[in-house]
Amino acid sequence: MQLRYAFRLYPEPGQRTALARAFGCARVVFNDAVRAREDARAAGLPFPNAGELSKRLITRARHTPERCWLGEVSSVVLQQSLRDVEAAYKSFFASLKGERKGKRVGAPRLKSRKDARQSIRFTANARWKITGRGRLLLPKIGEVRVKWSRILPAVPSSVTVILDSAGRYFASFLIDTGPDTGRARWDDPDPGSAVGIDLGLTHFAVLSDGTKIDSPRFLRRAEKKLKRVQRELSRKRKGSRNRAKARLKVARAHAAVADARKEFHHQLSTKLIRENQSVAVEDLAVSGLARTRLAKSVHDAGWSQFVAMLAYKAERYGRTFVKIGRLEPTSQVCSACGHRDGPKPLDVREWTCPACGTLHDRDVNAAKNVKRAAGLAVSACGAPVGPEPVLAQREETGSHGIPDQSRAA
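Residues numbered from 1 in each chain as written. Predicted model: local features only at pLDDT ≥ 70, side-chain atom pairs only at ≥ 80, totals over all residues. Heavy atoms only, no water.

Can you explain the overall build of the protein chain? Please cite residues and give values.
Within the protein chain, the secondary structure is distributed over nine helices and 14 strands. In the protein chain, buried positions account for 44% of the 409 residues. Contacts in the protein chain between residues far apart in sequence, at least 24 positions, make up 68% of those at least 6 positions apart. Approximately 22400 Å² of the protein chain is accessible, and the part contributed by carbon and sulfur atoms is 51%. (Helix = DSSP H or I, 4+ residues; strand = E, 2+ residues; numbered from the N terminus. Buried < 20%, exposed > 50% of the residue type's maximum accessible area, 1.4 Å probe, protein only. Contact = heavy atoms within 4.5 Å. Areas by Shrake-Rupley, 256 points an atom, 1.4 Å probe, with all protein chains shown as cover.)

Next comes the structure, spelled out in structure tokens:
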């Protein structure tokens, strides 16, 4: 499996200029490649292959007065932009043919220097390295200071330098690894230990053992500050430096909310995976719920990110992860006798089973049914259900097409 380890970068002013130049050159090559393909399609000609685009847009262009500045950055960065175009078109055509799972992917779009996220990728051919002083040496950029928060478990195959909307720089290392040997520091759970999880809004998660985990509601708690900085931004004149500063404040405020939410998801998912051999959740229709009056609360909860973390951590540490179907009537069935009592409005938080007389907490009963349904799903096929494919924690550079909804952190 592939894992990503992201660390904060602190480039010096001269290095920021070099990184901005690299971001711009990679963006120009990407846009040139997209235009070349679109021009060929409009003319009814076959698409130029990667080798032809490399000669035309990089090798020859660097010796022309209009594109001579492409020689100021590493050629590996430019080549990776062409690879991203190839990958984007492959995903687009696979989506058109129905060969790609998940949401349909749109055709690659042109990038802009005003995009919220800029990134470049260095592979092993670029000869980047981590110096003895713990700095990241990048070709034609220099030694960049890194805030190391952990030790890399293996030698990375590539590093992606990212500039986010809040003006922060990150180095994202891609590592190919098998099952994590680091799990030896954990006490192995009981082989029969399993937990069902019912995700909600009042409580972020309710476990089948009755444990209720409150929802932190990071966005709701930060709304007052977000409104203030957004109001300040709306009062600044467009194109002014003060507006740019205000926009950065808004981006940093939103980044703080997103970081707090991700940290909460990481801690809770790690705890559940560490203490249980099997974990089961319900496949929620997040996109549908996001179109209701509960949209803000649904986005604030971040269920998809949490479930994705459970999936890749289960694979990493040898646990069983099961996602039951969203049509399973977990809130309608008595977990004690199996009697189905029918749908109930959301304001009904407790109910008594008419068949056996058991008083149920709605969420705890649903969590127990999730666990039971997951057990049936495991025994039906005669083998444990494996987790879904795991993506890297941070996205690679690529197109601005419609992204796939699956992701991991």
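Next, the rest of the story.
Describe the nonpolar core, with residues and values.
Counting 47 residues, the largest nonpolar core has I120, F122, L136 and L138 as the members making the most contacts within it. Top element by residues in this core is helix α1 (residues 13-43). It accounts for eleven residues. In contact with L138, other than residues within four places in its own chain, are F122, W128, V144, V159 and V161. Core analysis: the second largest hydrophobic core is formed by 34 residues, F204, A205, A222 and V307 among them. (Core = buried A, V, L, I, M, F, W, Y, C linked by side-chain atoms within 4.5 Å.)

Outline the pairing of strand β8 (residues 194-199), supporting the account with residue identities and numerical values.
Of all the six residues making up β8, five are buried; the element is thus mostly covered by neighbouring parts of the structure. Relative to strand β9 (residues 203-207), β8 is paired through three bridges, and the arrangement is antiparallel. Note on β9: the bridge partner recorded for L199 is A205. What sits between the antiparallel neighbours β8 and β9 is a turn of three residues. (Pairing = 2+ DSSP bridges.)

Please give an account of the side chain of Q15 that cites residues and values.
Tracing the sequence through the fold places Q15 in helix α1. Setting aside residues no more than four positions away along its own chain, Q15 makes contact with I141, G142, E143 and V144.

Go over the sheet that holds strand β10 (residues 212-214) with me, naming the residues and quoting the values.
One open sheet accounts for five strands, arranged β10-β9-β8-β11-β12; its pairing is mixed. Both edges of this open sheet fall to β10 and β12 (320-324), since each of them pairs with a single strand only. Taking each pair of neighbouring strands and ignoring which way they run, the sheet shows an average axis angle of 20 degrees. The pairing of β9 with β10 spans three bridges and is antiparallel. Across the sheet, the residue bridging to H203 is D214, located in β10. On top of the sheet, helix α5 (residues 241-275) reaches β8, β9, β10 and β11 (278-282); it is set at about 0 degrees to β9, its chief contact. Helix-sheet contacts for helix α8 (residues 303-316) involve β8, β9, β11 and β12, and the interaxial angle to β12 is about 145 degrees. (Axes fitted to C-alpha atoms, helices over the stretch in contact; angles between N-to-C directions.)

Run through the side chain of R362, naming residues and quoting values.
With respect to the helices and strands, R362 occurs in helix α9 (residues 362-381). Although R362 lies buried, it forms no salt bridge, and the closest oppositely charged side chain, D363, sits 5.0 Å away as judged by the N-O distance. Residues within four places of R362 in sequence aside, it is in contact with S331, K344, P345, L346, V348, R349, E350 and W351. (Lys, Arg positive; Asp, Glu negative; His and termini not counted. Salt bridge = Lys/Arg side-chain N within 4 Å of Asp/Glu carboxyl O.)

Can you break down the pattern of salt bridges residue by residue, with the values?
Taken as a whole and judged by the stated rule, the model has 19 salt bridges. Measuring nitrogen to oxygen at the nearest pair gives 2.9 Å for the salt bridge that ties K296 to E223. With a gap of 73 residues between them, K296 in helix α7 (residues 295-301) and E223 in helix α4 (residues 218-234) connect regions that are remote in the sequence. For E223, a relative accessible area of 18% puts it in the buried group. For E232, the salt bridge identified is with R228, shortest N-O distance 3.6 Å. Taken as a pair, E232 and R228 lie in helix α4 at a separation of four residues, close to a single helical turn. A residue is classified by how much of its surface remains accessible, and E232, at 27% relative accessible area, is partly exposed. Where salt bridges share partners, they join D32, R35 and R67 into one cluster.

Account for the sheet that holds strand β1 (residues 2-10), with residues named and values stated.
Ordered by their spatial adjacency, seven strands build an open sheet running β2-β6-β7-β1-β5-β4-β3, and the pairing between neighbours is antiparallel. Edge positions in the open sheet fall to β2 (118-123) and β3 (129-130), since each of these has one partner strand only. In this sheet, strand β4 (residues 136-138) lies alongside β3 in antiparallel orientation, the contact comprising two bridges. Following the sheet pairing, K129 is matched in β4 by L137.

So what's going on with helix α2 (residues 50-59)? Residues and values would help.
By the burial criterion, the buried members of α2 are L53, S54, L57 and I58. For α2, the angular spread of buried residues about the axis comes to 105 degrees, placing them on one side. Each element contacted by the buried residues of α2 is listed here: α1 and α3 (75-96). (Arc of directions from axis to C-beta.)

Lay out the packing of α5 against α8 with the relevant residues and their values.
Close contact between α5 and α8 brings their axes to 9 Å; oriented N to C, the two are set at 40 degrees. Our classification of the angle between α5 and α8 gives oblique. For the element pair α5 and α8, the recorded crossing hand is right-handed. Here R261, K262, H265, H266, L268, S269, T270, L272 and I273 of α5 lie close against α8, whose contacting residues are Q305, F306, M309, L310, Y312, K313 and A314. Looking at side-chain class alone, the contact of α5 with α8 contains eight nonpolar, five polar and three charged residues. (Parallel < 35°, antiparallel > 145°, perpendicular 65-115°, else oblique. Left-handed = near helix turned anticlockwise from the far one by under 90°. Nonpolar A, V, L, I, M, F, W, Y, C, P; charged D, E, K, R; others polar.)

Break down the packing of aromatic side chains for me, citing the residues and quoting the values.
If you walk through the whole model with that rule in mind, you get eleven aromatic pairs. On the numbers, 5.1 Å between centres and 80 degrees between planes, the contact of F204 with F306 is edge-to-face. With F204 in strand β9 and F306 in helix α8, this residue pair connects regions lying 102 residues apart in the sequence. With relative accessibility at 1%, the residue F204 sits in the buried group. (Phe/Tyr/Trp six-rings, centres within 6.5 Å; stacked < 30°, edge-to-face > 60°.)

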